[in-house]
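So you can see what is in the structure, the chains are spelled out below.
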Amino acid sequence: MTDTYAPLVNRSVDDWIAYTKAPIAPLGDHIGTVSVADFLAHVHQLAQHLPDAGYALNLCENRYLFMVAFCAAIVRQQTNLLPPNKNIATQEALGQRYRDTYILHDGVVCAESMPQFDINSLTLSANTEASSEIAIPDIALDFLSAITFTSGSTGESTPSHKPWRTFVDSTHINGNYMLPSTERLVWLLATVPGQHMWGLETSILLPLMARVCVCDARPLFAKDIRSILTYLPEPRMLVSTPVHLRAMVLSGLDFPPIAMTLCATAPLAKELAVQAETLFRGQLQEVYGCSEVGSMSYRQTSKVDCWTIFNGLSFISSGNNDDDNKYIARGAHLPAEVLLQDRLQMVGERQFRLLGRNEDMIEIAGKRGSLQELNKILLATRGVLDGVVFLPPEDKASVNRLAALVVFDGQTTSHENQEDLKERVMEQFRERLDPVFLPRPLHIVDALPREANGKLPRKKLLALFESLS
């Protein structure tokens with residue numbers, strides 16, 4: 001490594017980097033561990049077959065194939081486009097915005113109007129060279145390795161440029177806070193996709209630069225998460241979201257020990273954090289970050305309410321006198337300073353409390369409240385698996401009111417009727433809120449239209465609400 005280049009992989013080539021849970025087409029009937037040497041062979045083979053282009057829209061579903069595709073594109077000097085979802089409309093919009101683009105995938109449904117390359121058309125063979133002869137590519141630190149996109153949970157999705165320097169330096173910073181304290185190889189399972197910044201940082205970049213072996217599976221249901229974790233050796237590591245953690249806690253299943261659980265993408269309640277640590281018999285770290293910056297701070301939610309900022313980052317007051325709680329994130333590895341969308345209350349130089357976003361603060365009948373606090377009350381209700389309190393678009397012909405969509409676990413819905421379930425939720429709100437903040441209407445639904453990363457795009461939320469109304 002020089003001051004202008006850094007290796008694609010900063011690992012011993014004899015170490016394990018991935019674990020494939022089931023056969024995937026390019027690897028034939030292989031199941032089990034993949035060495036760094038074999039991974040590099042797969043990357044070089046794929047890179048040789050990729051079409052000439054400036055951008056690769058990486059839609060690979062399988063986590064290992066996504067990681068191979070991600071690195072092969074970089075080796076070919078192509079920028080990975082990592083969309084917030086895989087919708088055809090999103091693919092076409094990115095194809096229009098970035099003209100020199102093709103779709104790199106492993107069998108997913110693609111926009112017919114765009115050039116495509118299916119990794120499943122290849123056979124990727126294992127490394128045949130001696131360890132001393134394996135060359136690890138050096139990547140220019142200023143190369144634009146990826147463009148990530150915000151989730152669109154509060155509006156339109158926006159792009160964020162990621163030079164290779166940003167990924168290298170941020171991964172070294174993240175490893176200091178995210179990995180369990182051990183010299184042993186860590187076995188990681190993630191319930192979030194690699195395209196999302198949270199999944200990319202933890203399940204793709206950490207294995208490239210730290211002693212982490214990542215499982216290629218992305219299970220959604222508690223029983224499937226438990227099943228895969230039992231296959232992985234100790235020490236285990238789980239990367240997830242509050243939605244998945246809640247499902248695991250409510251499942252009633254026993255889980256194998258998990259040395260470190262990382263949670264992000266939405267606020268995590270202290271009660272759920274305590275329950276998860278008890279269930280997993282290990283530490284849970286909640287991570288605060290955003291697509292524009294990446295991970296920035298952490299807390300052990302079961303014990304503290306303040307967040308600690310990662311070394312290498314600093315938060316500077318925005319200087320806006322109209323809002324003293326707005327801050328700018330700054331780091332030597334970032335292409336630019338980033339104005340944080342959340343409101344913070346600093347506690348000393350390196351710690352803060354998260355007050356929520358400006359969009360979370362609402363005013364009804366002259367009274368102010370926080371959507372974040374309302375959702376905490378909802379999710380603390382017995383039997384609630386998922387749910388959201390929100391403010392629909394204002395109807396000028398009527399008084400503006402909050403609404404709620406609630407998902408109960410299957411055991412609860414099988415024993416109680418919907419009116420009783422609604423009353424249970426409303427009673428929770430009545431005991432804690434001014435009447436103007438009671439959500440009306442309140443609908444019970446089978447599921448919320450969350451993205452694979454756990455985010456809830458407002459457009460999809462409102463579409464479901466309007467269909468019920």
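Residues numbered from 1 in each chain as written. Predicted model: local features only at pLDDT ≥ 70, side-chain atom pairs only at ≥ 80, totals over all residues. Heavy atoms only, no water.

J.: Please set out the pairing of strand β21 (residues 351-357) residue by residue, giving values where relevant.
T.: Bridge analysis of strand β17 (residues 307-309) against β21 gives two bridges, and the strand direction is antiparallel. By the bridge assignment, W307 is partnered in β21 with F352. (Pairing = 2+ DSSP bridges. Helix = DSSP H or I, 4+ residues; strand = E, 2+ residues; numbered from the N terminus.)

J.: Summarise helix α4 (residues 164-178); cite the residues concerned and give the values.
T.: Taking 1.5 Å of rise per residue, the 15 residues of α4 would be expected to cover 21 Å, and the 20 Å separating its terminal C-alpha atoms lies within 8% of that figure. Burial runs high along α4: 11 of the 15 residues are buried. Among all positions of α4, only W164, T166, F167, V168, S170, T171, I173, N174, G175, Y177 and M178 are buried. (Expected span 1.5 Å × (residues − 1). Buried < 20%, exposed > 50% of the residue type's maximum accessible area, 1.4 Å probe, protein only.)

J.: Explain the side chain of Q372 to me, using residue names and the numbers behind them.
T.: By the secondary structure assignment, Q372 is in helix α9 (residues 371-379). Here Q372 is in contact with P267, L354, G356 and D360, once residues within four sequence places are set aside. (Contact = heavy atoms within 4.5 Å.)

J.: Please give an account of unusual backbone geometry that cites residues and values.
T.: In this structure, P235 follows E234 across a cis peptide bond, with omega equal to -5 degrees. Along the chain, the position of P235 falls in the loop between α6 (222-231) and β13 (236-240). Residue P441 follows R440 across a cis peptide bond; omega there is 10 degrees. Here P441 is to be found in the loop between α11 (418-432) and β26 (442-444).

J.: Let's hear about the environment of L179: which residues, and what values?
T.: Tracing the sequence through the fold places L179 in the loop between α4 and β11 (186-190). Those residues in contact with L179 that lie beyond four places of it in its chain are L206, A210, V212, M237 and M260.

J.: Help me get a handle on the packing of α9 against α11, residues and values and all.
T.: It is at 9 Å that the axes of α9 and α11 come closest, and there the two elements cross at 130 degrees. Taken together, the axes of α9 and α11 are oblique relative to one another. The two elements α9 and α11 meet at a crossing, and its hand is right-handed. On α11, the residues that touch L374, I377 and L378 of α9 are V425, Q428, F429 and R432. In the contact of α9 with α11, the residues fall into five nonpolar, one polar and one charged. (Axes fitted to C-alpha atoms, helices over the stretch in contact; angles between N-to-C directions. Parallel < 35°, antiparallel > 145°, perpendicular 65-115°, else oblique. Left-handed = near helix turned anticlockwise from the far one by under 90°. Nonpolar A, V, L, I, M, F, W, Y, C, P; charged D, E, K, R; others polar.)

J.: Give me the lowdown on the sheet that holds β26, citing residues and values where you can.
T.: Spatially, three strands are ordered β24-β25-β26 in an open sheet, and the strand pairing comes out mixed. Only two strands of the sheet have a single partner each, and these edge strands are β24 (384-390) and β26. Adjacent strand axes in the sheet meet at a mean angle of 15 degrees when their direction is disregarded. As paired strands, β24 and strand β25 (residues 403-408) are joined by six bridges and run antiparallel to one another.

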